[in-house]
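Each chain, letter by letter, is given below.
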Amino acid sequence: MSPDSRTPGSVRSAAEVNEHIRALWLRTGGTLSAQDRTEYELLVVEWAEAIREQIIEAA
């Protein structure tokens, strides 16, 4: 599932997003094309949001 195809308002866990990031790096062999870089950047933003949600929930 690409980051832009998820349902608006749905939040995946940081661990789940991290798995997608790891899979992207494995799939590309560590070299990102322009399209891969865009996907990576979206995933990192989503991961940061998920981390932020975990912190808020813990507080």
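Along each chain, numbering runs from 1 in the same order as the chain's sequence is written. Owing to the predicted nature of the model, reporting of local features is limited to residues with pLDDT of at least 70; listing and counting of side-chain atom pairs is limited to 80 or more, with chain, interface and lining totals taken over all residues. To obtain the side-chain values, all non-hydrogen atoms of the structure were included, while hydrogens and water were left out.

Enquirer: Tell me about the nonpolar core, and please be specific about residues and values.
Expert: What tends to happen in soluble globular proteins is that the nonpolar side chains get buried as a cluster. Throughout, nonpolar core names a set of buried Ala, Val, Leu, Ile, Met, Phe, Trp, Tyr and Cys residues whose side chains join them through atoms within 4.5 Å. Only protein chains enter the accessibility calculation, which uses a 1.4 Å probe; a residue is then buried when its area is under 20% of its type maximum, exposed when over 50%, and partly exposed in between. Counting five residues, the largest nonpolar core consists of Val17, Ile21, Leu24, Leu32 and Leu43. Sequence-distant contacts of Leu24, that is, excluding residues within four places in its chain, are made with Leu32, Asp36, Glu39, Tyr40 and Leu43. Residues count as neighbours in contact if any of their non-hydrogen atoms are within 4.5 Å of one another.

Enquirer: Explain the pattern of salt bridges residue by residue, including any values.
Expert: Where charged atoms from two side chains of opposite charge come close, those side chains can pair. A carboxyl oxygen of Asp or Glu within 4 Å of a side-chain nitrogen of Lys or Arg is what we treat as a salt bridge. Under the counting rule described, the total for this entry stands at two salt bridges. For Glu46, the salt bridge identified is with Arg12, shortest N-O distance 2.7 Å. In this pair, Glu46 sits in helix α2 (residues 34-58) while Arg12 sits in the segment before α1 (14-28), placing the two residues 34 residues apart along the sequence. For the residue pair Glu46 and Arg12, the accessibility class agrees, reading buried in each case. Residues Glu39 and Arg27 are paired through a salt bridge, measuring 3.3 Å at the closest nitrogen-oxygen approach. Taken together, the residues Glu39 in helix α2 and Arg27 in helix α1 connect sequence positions 12 residues apart. For Arg27, a relative accessible area of 54% translates into the label exposed. Only DSSP runs of H or I with at least four residues qualify as helices, and only runs of E with at least two residues qualify as strands; both kinds are numbered from the N terminus onward.

Enquirer: Residues and numbers for the packing of α1 against α2, please.
Expert: In contact at an axis separation of 8 Å, α1 and α2 are set at 160° when each is read in the N-to-C sense. When the axes of α1 and α2 are compared, the pair comes out roughly antiparallel. α2 is crossed by α1, and the crossing has left-handed handedness. Taken together, the residues of α2 that come into contact with α1 (itself represented by Ala14, Val17, Asn18, His20, Ile21, Leu24, Trp25, Arg27 and Thr28) are Asp36, Glu39, Tyr40, Leu43, Val44, Glu46, Trp47, Ala50, Ile51 and Gln54. Residues that form the contact of α1 with α2 fall into these classes: 11 nonpolar, four polar and four charged. Inter-axis angles, ranging from 0 to 180 degrees, are taken between N-to-C directions of lines fitted to C-alpha atoms, where helices are fitted over the stretch in contact. In this scheme, roughly parallel covers angles under 35 degrees and roughly antiparallel covers those over 145, while 65 to 115 is roughly perpendicular and the rest are oblique. By convention the crossing between two helices is left-handed if the near helix lies anticlockwise of the far one by an angle smaller than a right angle, and right-handed if it lies clockwise. Side-chain classes follow a simple rule in which Ala, Val, Leu, Ile, Met, Phe, Trp, Tyr, Cys and Pro form the nonpolar group, Asp, Glu, Lys and Arg form the charged group, and the remainder, Gly included, forms the polar group.

Enquirer: Before we move on, could you go through α2 and cite the residues and values that matter?
Expert: Expected span of a helix, by definition, is 1.5 Å for each gap between consecutive residues, and there is one gap fewer than residues. In a regular helix each residue adds 1.5 Å, so 25 residues correspond to 36 Å; α2 covers 36 Å between its end C-alpha atoms and thus fits that length. Among the residues of α2, those classed as buried are Asp36, Glu39, Leu43, Glu46 and Ala50. Close packing links the buried residues of α2 with α1.

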